[in-house]
Amino acid sequence: MQPSTFSQTLTCAHDAWSPGIGDPHVMGWVTVAVYTACALAALHLSIRNPFHGPGAWRERVFWGGVCALMACLALNKQLDLQTLVTAIGRCHAKINGWYNERQVVQRGFIRALALSALLLALGTAWFLRASLRRNILAVLGLALVLGFVVIRAVGFHDVDHLISTEVMSIRVNWILELSGLVLILLSALPRIRRA
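Before going into details, it helps to say that this report is about the structure given with it. (Residues numbered from 1 in each chain as written. Predicted model: local features only at pLDDT ≥ 70, side-chain atom pairs only at ≥ 80, totals over all residues. Heavy atoms only, no water.)

## Regarding the overall build of the protein chain
Thought 1: Helix and strand content of the protein chain: 8 helices and 2 strands.
Thought 2: Within the protein chain, buried positions represent 32% of all 195 residues.
Thought 3: Of the contacts made within the protein chain by residues no fewer than 6 positions apart, 80% connect residues no fewer than 24 positions apart.
Thought 4: Here the protein chain has roughly 11,500 Å² of accessible surface; of this, 68% comes from carbon and sulfur atoms. (Helix = DSSP H or I, 4+ residues; strand = E, 2+ residues; numbered from the N terminus. Buried < 20%, exposed > 50% of the residue type's maximum accessible area, 1.4 Å probe, protein only. Contact = heavy atoms within 4.5 Å. Areas by Shrake-Rupley, 256 points an atom, 1.4 Å probe, with all protein chains shown as cover.)

So this is what it looks like as structure tokens:
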């Protein structure tokens, strides 16, 4: 990207996005609290390792990674940084004249995100192979959270409409996002109590 195009893109993105609270509703703050609880539980398990035997060091690394990811996602939940990334991409496409063909880039980006999430989940399962049985809920929860992140990154109007629909006054995106977080907590909290 040339310097003039880069500055134009940033100016355009700044006009389309401004820092602020991304989800000021009660459920937005509840979700931030659950992300934070996951991060703190994972931090506790990575520091005060109650694991013994083969693969114990791998569990520390895994829970340290979960802590870092959950903390970043908690921060992003309210800063709405994915909207900034989308605005930068949209502005770049408009300035460089390929906005009408952006679906090709979107599909490639989505495939790359989905493949990365799948590879991360499979790599994590392999990494924890000696202790996968006792961490399976956390790995599944992580896969669900990453899947939700991919869905949100898609940004297609049909997908946004689908996940913003309500079932008995509960939005589908709350169910999708919180289910993975609950699985991570269900894996972590009993161990913290035992430790």
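Next, the rest of the story.
## Structural notes on the pattern of salt bridges
Between side chains of opposite charge, a pair can form as their charged atoms come close.
Thought 1: By the definition in use, this model includes 3 salt bridges.
Thought 2: A salt bridge links Arg191 to Glu59; the nearest nitrogen and oxygen atoms lie 3.7 Å apart. Taken together, the residues Arg191 in helix H8 (residues 172–194) and Glu59 in helix H3 (residues 56–79) connect sequence positions 132 residues apart.
Thought 3: By relative accessible area, Arg191 is classed as buried at 6%.
Thought 4: Here Lys77 ties to Glu177 by a salt bridge, and the two come within 3.0 Å at their closest N and O atoms. (Salt bridge = Lys/Arg side-chain N within 4 Å of Asp/Glu carboxyl O.)

## Some points on helix H2 (residues 26–47)
Thought 1: In a regular helix each residue adds 1.5 Å, so 22 residues correspond to 32 Å; H2 covers 31 Å between its end C-alpha atoms and thus fits that length.
Thought 2: Residues of H2 that are buried include every one of Gly28, Thr31, Val32, Val34, Tyr35, Cys38, Ala39, Ala41, Ala42, Leu45 and Ser46, and no others. (Expected span 1.5 Å × (residues − 1).)

## Quick word on the state of the cysteines
Thought 1: One pass over the structure, following the stated rule, counts 1 disulfide.
Thought 2: Disulfide partner of Cys12: Cys91, at an S-S distance of 2.0 Å. Its torsion about the S-S bond being -70°, the disulfide of Cys12 and Cys91 is classed as left-handed. Pair noted here: Cys12 is in helix H1 (residues 3–16) and Cys91 is in helix H4 (residues 81–95), with a separation of 79 residues, a long-range link. (Disulfide = S-S within 2.5 Å.)

## A look at the packing of aromatic side chains
Thought 1: Taken as a whole and judged by the stated rule, the model has 2 aromatic pairs.
Thought 2: Between Trp57 and Phe127, the aromatic rings sit 5.7 Å apart at their centres with planes inclined by 90°, giving edge-to-face as the arrangement. Separated by 70 residues along the polypeptide, Trp57 in helix H3 and Phe127 in helix H5 (residues 102–127) bring together distant segments of the chain.
Thought 3: Taking 5.1 Å as the distance between ring centres and 70° as the angle between the ring planes, the aromatic pair formed by Phe62 and Trp63 counts as edge-to-face.
Thought 4: Classification of Trp63 by relative accessible area gives buried; the value is 0%.
Thought 5: Taking NZ or CZ as reference, Lys94 lies 5.1 Å from the ring centre of Tyr99, over its face.
Thought 6: Looking at Arg129, its charged tip hangs above the ring of Trp126, at a distance of 4.1 Å from the centre. (Phe/Tyr/Trp six-rings, centres within 6.5 Å; stacked < 30°, edge-to-face > 60°. Lys NZ or Arg CZ within 6 Å of the ring centre and 35° of its normal.)

## Side note on the packing of H2 against H3
Thought 1: H3 packs onto H2 with a crossing angle of 160° between their chain directions and a minimal axis gap of 8 Å. By the angle between their axes, H2 is roughly antiparallel relative to H3. Where H2 crosses over H3, the handedness of that crossing is left-handed.
Thought 2: Looking at side-chain class alone, the contact of H2 with H3 contains 16 nonpolar, 6 polar and 2 charged residues. (Axes fitted to C-alpha atoms, helices over the stretch in contact; angles between N-to-C directions. Parallel < 35°, antiparallel > 145°, perpendicular 65-115°, else oblique. Left-handed = near helix turned anticlockwise from the far one by under 90°. Nonpolar A, V, L, I, M, F, W, Y, C, P; charged D, E, K, R; others polar.)

## Topic: the nonpolar core
As a rule of thumb, nonpolar side chains are buried together in soluble globular proteins.
Thought 1: Grouped together as the largest cluster of nonpolar side chains are 30 residues, with contacts concentrated most on Phe62, Trp63, Met70 and Leu181.
Thought 2: Sorting the residues of this core by element identifies H2, H3, helix H6 (132–154) and H8 as the ones contributing at least two each.
Thought 3: Excluding its chain neighbours within four sequence positions, the residues that come into contact with Phe62 are Thr124, Phe127, Leu128, Asn135, Ala138, Val139 and Leu142. (Core = buried A, V, L, I, M, F, W, Y, C linked by side-chain atoms within 4.5 Å.)

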